[in-house]
Amino acid sequence: MRILSSDLKDHIGETVHVEGWLHKKRLLGGLTFINIRDRRGLVQVVIKDKAEVEKLRGLQIGTVVTIDGKAIEEPRAPGGAELHDAVVTVLVPVSEEPSIEIDKPLSHRPDNLDTLFEYRAVGLRNLQETAIFKVQSAITKAAREYFYSQEFTEIRTPKLLAAATEGGAEVFKIDYFGREATLAQSPQFYKQIMVGVFERVFEIAPVYRAEPSATTRHMTEYISIDGEMGFISIKDLNEFLSGLLNFVSDYIWEHNEADLKSLRATKPVLAKAIPEISMEEIHKLYTEANGESTIGEKDLRPDEERWICEYASKNLGSEAVFVTDWPASDMKFYHKAQADKPELADRVDLLFRGVEIATGSMRENNYEVVLKQLKEMAGGNPDDEGFKPLLTAMQSGMPTHGGFGMGLERLTQKFIGLNNVKEATLFPRDINRLAP
RNA sequence: GGGCUCGUAGUGAAGUGGUCUAUCACGCCUCCCUGUCACGGAGGAGAUCGCCGGUUCAAAUCCGGUCGGGCCCGCCA
């Protein structure tokens, strides 16, 4: 029966069977140490029999082996236990040396990212890389748990669409049996429609954006954590996002502390209720502090986003901050303007450690108003098959509702402290990269 | 789309006109080594310095083009 690396200490004195990948060889003459990697981590094997060592001659890291040996308690071994009197069986020999190292940390310098991604198939076996994606897996799990705890229903919506509808970002056009189709930029309309069904829904799925952006925070395909809920106000939305971010942070630091520490991540300081600052106020503060005026601008500059996060960290006790009161002139047709201040949109952006990780807003739920906004703000045709389902839902009874989209990779990047969002992506897609 | 910047063994780096027949580290190969865990030691193989053209007695190094990256801005998650 196979024993996993982390269970070795429970089998001291027994002869056990281990299966995994050769991860490291250290030959000291009469004594050889090898590390075997399995899904839990590494197990150290000590081999004295030269004939057993010879079985591994010429074989590279990655070779798939089984080891039968005696589990020994040994304080000098990592984890306090190791295997002795090992019998090695090579299951899959590997003679090609890896193009990129997998037993030492890989370079994440911006100039070297291309190499990092080029050799992803083997480079991801590097335990430092693995740690990033174990954390990401935990983030996804935590987010999902939080949604369920708040009575959300998980949904799946199509990514192949008839037409570009949402507006804003560029869309990918593809050939669909001779017709033109597009790839979804977001599940926006579908999740709103589903509020009429389930009241609270979420989806964690890829979205596609054909923007020719070449920055450390953009990709053409990324995972969007989308939530949408009915019978709420913008305050409820902020409260939910505060709860979500705090829950995820606490969860990963409880369950993945070793991974996070190995990546030199620090646990973020987050206010239970993440502080809110209006865009106007941020412009004012930034202008006062930096002498460069951004007053009146309809968006935050990237540098402003970084600065306000520093500010919030120092003065408001939170490394995340909400940006509220966005100008209505820039809002999308399905957004809702503030009831008492129609020049402002009921929208909020969540900034975390210098970047925007989520955008949320209240949606216009009045059919007549949505219809008007669609025509006037988006120049859209209500009879377009892309708009019809949403409008039908509006006609069929939609409560006040709102929701958000959050970038999983950006969230991962910021929790860990990676420089580029692509480092938090197994196989990143950007304007230049379509493989591996 | 605009601006800036980089390209040297499998990987990461040094070298900014001549002694470069290109240096170092990791990895790889051979040998030594009984407590390694970024093991240590001795030796070895591996690079037409992204590509094309130009300047020069002489180019990895200077210039032009080209291809491929990266960073910032716009836009966004």
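Residues numbered from 1 in each chain as written. Chains lettered and ligands numbered in written order. Predicted model: local features only at pLDDT ≥ 70, side-chain atom pairs only at ≥ 80, totals over all residues. Heavy atoms only, no water.

Trainee: Would you mind going over the protein's contact with RNA strand B with me for this structure?
Mentor: Taken together, 53 residues lie near RNA strand B, and R26, R109, E356, I357 and R410 sit nearest. Protein-proximal atoms of RNA strand B, defined as those within 4 Å of the protein, fall in sugar or phosphate at a share of 60%. At a separation of 2.8 Å, a phosphate oxygen of RNA strand B approaches a polar side-chain atom of N420. Of all elements in the fold, only β1 (15–27), β5 (81–92), α2 (113–118), α9 (302–315) and β15 (355–363) reach the threshold of two or more residues within the surface near RNA strand B. Here the element with the most residues in the surface near RNA strand B is β15; it accounts for four residues. Split into classes, the residues belonging to the surface near RNA strand B amount to 15 nonpolar, 18 polar and 20 charged. (Near = heavy atom within 4 Å. Polar contact = N/O pair within 3.5 Å; in protein donor to acceptor, adjacent residues only side chain to side chain. Helix = DSSP H or I, 4+ residues; strand = E, 2+ residues; numbered from the N terminus. Nonpolar A, V, L, I, M, F, W, Y, C, P; charged D, E, K, R; others polar.)

Trainee: Help me understand the packing of helix α4 (residues 127–149) against helix α12 (residues 408–416), please; the structure alone is not making it clear to me.
Mentor: Following both chains from N to C, one finds α4 and α12 inclined at 120°, their axes separated by 10 Å at the closest point. Taken together, the axes of α4 and α12 are oblique relative to one another. As α4 packs across α12, the resulting crossing turns out to be right-handed. Together, I132, V135, Q136, I139 and T140 of α4 and L408, E409, L411, T412, F415 and I416 of α12 make up the contact between the two elements. Here the residues of the contact of α4 with α12 sort into seven nonpolar, three polar and one charged. (Axes fitted to C-alpha atoms, helices over the stretch in contact; angles between N-to-C directions. Parallel < 35°, antiparallel > 145°, perpendicular 65-115°, else oblique. Left-handed = near helix turned anticlockwise from the far one by under 90°. Contact = heavy atoms within 4.5 Å.)

Trainee: Help me understand α12, please; the structure alone is not making it clear to me.
Mentor: Since one α-helical turn is 3.6 residues long, residues separated by three or four positions face the same way. Among the nine residues in α12, nine count as buried, and that is most of the element. Residues L408, E409, R410, L411, T412, Q413, K414, F415 and I416 constitute the buried set of α12. Just beyond α12, the residue with positive phi is G417, at close to 95°. (Buried < 20%, exposed > 50% of the residue type's maximum accessible area, 1.4 Å probe, protein only.)

Trainee: Is there a simple way to explain the pattern of salt bridges in this structure?
Mentor: Applying the stated criterion to the full structure yields 25 salt bridges. One salt bridge connects D7 with R40, and the closest N-O pair in it is separated by 3.4 Å. Of the two residues, D7 sits in the segment before β1 while R40 sits in the loop between β2 (32–38) and β3 (41–47), which places them 33 residues apart along the sequence. Note that R433 is salt-bridged to D114, the shortest N-O span being 2.2 Å. Residue R433 is found in the segment after α12, and its partner D114 is found in helix α2; the two are separated by 319 residues along the sequence. Within this structure, K191, D226, E228 and R363 form a network of salt bridges that share partners. (Salt bridge = Lys/Arg side-chain N within 4 Å of Asp/Glu carboxyl O.)

Trainee: Hey, could you run me through the packing of aromatic side chains in this one?
Mentor: The relation between two aromatic rings is expressed through the spacing of the ring centres and the mutual angle of the planes. In the structure shown here, the tally under the stated rule is 19 aromatic pairs. Judged by centre distance (5.4 Å) and plane angle (35°), the rings of Y146 and F247 are tilted. Linking Y146 in helix α4 with F247 in helix α6 (residues 234–255), this pair joins segments that are 101 residues apart in sequence. Taking the relative accessible area as the measure of exposure, Y146 reaches 12% and is therefore buried. Their ring planes at 85° and their centres at 5.5 Å tell us that F333 and Y334 sit as a pair that is edge-to-face. Judged on exposure class, the residue F333 and its partner Y334 are both buried. An aromatic cluster is present here, built from Y146, F147, Y148, F152, F202, F240, F247, Y251 and F404 joined pairwise through their rings. R37 extends its terminal NZ or CZ atom over the ring of W21, reaching a point 4.3 Å from the ring centre. The residue whose ring lies beneath R347 is W326, and the NZ or CZ to ring-centre distance is 3.6 Å. (Phe/Tyr/Trp six-rings, centres within 6.5 Å; stacked < 30°, edge-to-face > 60°. Lys NZ or Arg CZ within 6 Å of the ring centre and 35° of its normal.)

In short, the description is geometric, and any link to function would need to be established separately.
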